[in-house]
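Here's the letter readout for the chains.
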Amino acid sequence: MPNLDRRTLAAGFLFGCGVAASMIDLFVFHLGLQWHHFYDLSTPEVALLADAFFHAFGWFITVWGLFLLADVRRRGGLLWVRWAGAVLVGIGVFQLLDGVFLHKVLRIHQIRYDVELWPYDLTWIGTALLAVVIGTLVARRAGRERPGAAADRPGGTDRGRATG
Amino acid sequence: MAADLGWEAFAILVVLLLVSAAIAQVAALRAAAPRVRWPWWRTLAWHAGLLCAGLALVGPLADAARSSFTAHMAGHLLLGMVAPLLLVLAAPVTLALRALPAPSARRLVRLLRTPFVRVLTHPVVAAALNAGGLWLLYTTDLYRLMHGSVLVHALVHAHVLLAGWVFTASVVGVDPDPHRSPVTVRATVLVLFVAAHSLLGKWLYVRPPAGVEQADARAGAQLMYYGGDVVDVTLMVLLLLGWYRATRPRTGLRTASAAPSATRGAASPLPRPSAPARRRTPTTR
């Protein structure tokens, strides 16, 4: 039995993480603002490996999240607001991971170069926390307004091997 | 003079092989025609795939690739990623099984079931052959050797096409495959392969093969990285589309109790066009 509510949350969370990892980084920071570089030449080689893995995994969970969303939708158990809350949480969690672990611990790259960094780091981590909090509130609110446990199990069958 | 002759011979051989492959597809379609409605886009995919391989191997792009790293990389994207994807989507084994007379079709199925093919088409082996070949080519002296010898050049390019083809088929293949790996294995291998590919892209950005200028290396490395991404994301979509179709909720008589068939379905995301072939070749399941 697929738990459609849990799958809704998973779909949103994976898509949010994936979007933060692949699309926001590429389209906003590389191509838009041009704060990031393809390779800043100071990144340690071990960190490059982690970066490559995050890159690949980021794209995969973006696509995976969308297919899970489509799956919940075709089974008729989709609450868009609950999904949107989970997307926000996903974006925030990945941004936290990126800002704390990748930037500071592994030092893969920084948010911007040749500037005082701490206002950027503070904004980065602050907005990440904000996204997690708002996303959680939105998802919980939408969860309370669900039409009861009946919506959880409309008699579908679990074939979701890829979610295990 | 003799060297030039070698390159000419290579070009002629490539054209002959590709034209034969195109003719073979048309002949197979005619042979299967009375029984089979073959989707037009699979035919298109086959010929477009051959065209991509041809563009990478002969003509202006191939000539430019002998002096420009960026042109070389454009050719390799076509030969090792785009052409394999198109050739896989063309479902050549399915078409062959429908076109061949029964005894030959049975021989082909027997061949596909041999241990050698089984090992070769396992996603882990196919990905290692594909990514390993690329790392060898660009981080050893092979890249320089390849431009000096037509034989090495031919072997490297044959490997790039075949390894790319086998890898793509092992991950998102639509042909009947008696040993298809579960979707979790294929997804994991695909993610690791994409990581290896993008890592190599960044590596080449600073450490290009000997004799490649910095600006050329950087343009080529970024082409490899972003161009590879486009094909890789397409592979991810196709892989998960297979999962999505295989796990569709079945309405009707045996909905809730159909667990065994669900397991089989999840492991074999065959799109609908090749389903009849599955029935015609009992050995594939």
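Definitions and cut-offs
- Residues numbered from 1 in each chain as written.
- Chains lettered and ligands numbered in written order.
- Predicted model: local features only at pLDDT ≥ 70, side-chain atom pairs only at ≥ 80, totals over all residues.
- Heavy atoms only, no water.
- Helix = DSSP H or I, 4+ residues; strand = E, 2+ residues; numbered from the N terminus.
- Buried < 20%, exposed > 50% of the residue type's maximum accessible area, 1.4 Å probe, protein only.
- Contact = heavy atoms within 4.5 Å.
- Salt bridge = Lys/Arg side-chain N within 4 Å of Asp/Glu carboxyl O.
- Phe/Tyr/Trp six-rings, centres within 6.5 Å; stacked < 30°, edge-to-face > 60°.
- Lys NZ or Arg CZ within 6 Å of the ring centre and 35° of its normal.
- Core = buried A, V, L, I, M, F, W, Y, C linked by side-chain atoms within 4.5 Å.
- Patch = residues over 30% accessible without salt bridge, like charges linked within 9 Å, V, L, I, M, F, W, Y side chains within 5 Å.
- Areas by Shrake-Rupley, 256 points an atom, 1.4 Å probe, with all protein chains shown as cover.
- pLDDT = per-residue confidence, 0-100.
- Polar contact = N/O pair within 3.5 Å; in protein donor to acceptor, adjacent residues only side chain to side chain.

**Looking at the side chain of H153 of chain B**
Residues and elements named next belong to chain B. Inspection of the secondary structure puts H153 in helix α10 (residues 150-172). H153 sits in the buried class, given a relative accessible area of 8%. Apart from residues lying up to four places away in sequence, H153 is in contact with W7, F10 and M146.

**Quick notes on the pattern of salt bridges**
This structure, assessed with the given rule, holds 7 salt bridges over all chains. Between R75 of chain A and D71 of chain A there is a salt bridge; the shortest N-O distance is 3.1 Å. Exposure remark for R75 of chain A: the relative accessible area of 10% places this residue in the buried category. The partner of R144 of chain B in a salt bridge is D141 of chain B, with the nearest N and O atoms 2.7 Å apart. Judged by relative accessible area, which is 49%, R144 of chain B ranks as partly exposed. Beyond isolated ion pairs, a larger network of salt bridges with shared partners links R7, D71, R74 and R75 of chain A.

**Some words on the packing of aromatic side chains**
Aromatic ring pairs: the centre-centre distance and the angle between the two ring planes describe each pair. Per the counting criterion, the structure on display carries 13 aromatic pairs over all chains. Ring plane angle 40 degrees and centroid distance 6.0 Å describe the contact between Y138 of chain B and Y143 of chain B, whose orientation is recorded as tilted. The exposure class of Y138 of chain B is buried, given its relative accessible area of 2%. For Y143 of chain B, a relative accessible area of 5% puts it in the buried group. We note R74 of chain A situated over the ring of Y244 of chain B; from NZ or CZ to the ring centre the distance is 3.8 Å. Just above the ring of W7 of chain B sits the side chain of R66 of chain B; from NZ or CZ to the centre is 3.8 Å.

**Here we look at the nonpolar core**
Core analysis: the largest hydrophobic core is formed by 84 residues, its most contacted members being F60 of chain A together with Y138, F167, L190, L204 and L239 of chain B. Ranked by size, the runner-up nonpolar core spans 8 residues in total, among them A32, V36, W38 and A99 of chain B.

**Some remarks on a nonpolar patch on the surface**
Taken together, the side chains of M23, F27 and V28 of chain A present a nonpolar region at the surface, about 250 Å² in accessible area. Relative to the helices and strands, F27 of chain A resides in helix α1 (residues 4-32).

**Section: the confidence of the model for chain A**
All names here are of chain A. When pLDDT is averaged across chain A, the result is 79; 71% of the residues are at 70 or more. Mean pLDDT per element in chain A: α1 is the minimum at 86, and helix α2 (residues 45-74) is the maximum at 90. This stretch, residues 149-164, has a pLDDT under 50; its non-local contacts, to residues over four places away or in other chains, come to 40 contacts.

**Observations concerning the environment of L88 of chain A**
Residues and elements named next belong to chain A. Structurally, the position occupied by L88 is in helix α3 (residues 80-105). Given the relative accessible area of 31%, L88 is considered partly exposed. Taking the C-alpha atoms as reference points, L88 and V19, 69 residues apart in sequence, are found 10 Å from one another. Dropping the residues within four chain positions of it, L88 is found in contact with A131, V132, I134 and G135.

**Details of the side chain of S22 of chain A**
Residue and element names in this part refer to chain A. Within the element layout of this structure, S22 appears in helix α1. At 2.6 Å, the side chain of S22 forms a polar contact with the backbone oxygen of G18. Looking at S22, its side chain comes within polar contact range of the side chain of T62, at 3.3 Å. Ignoring any residue separated from it by four or fewer positions in sequence, one finds S22 in contact with G58, W59 and T62.

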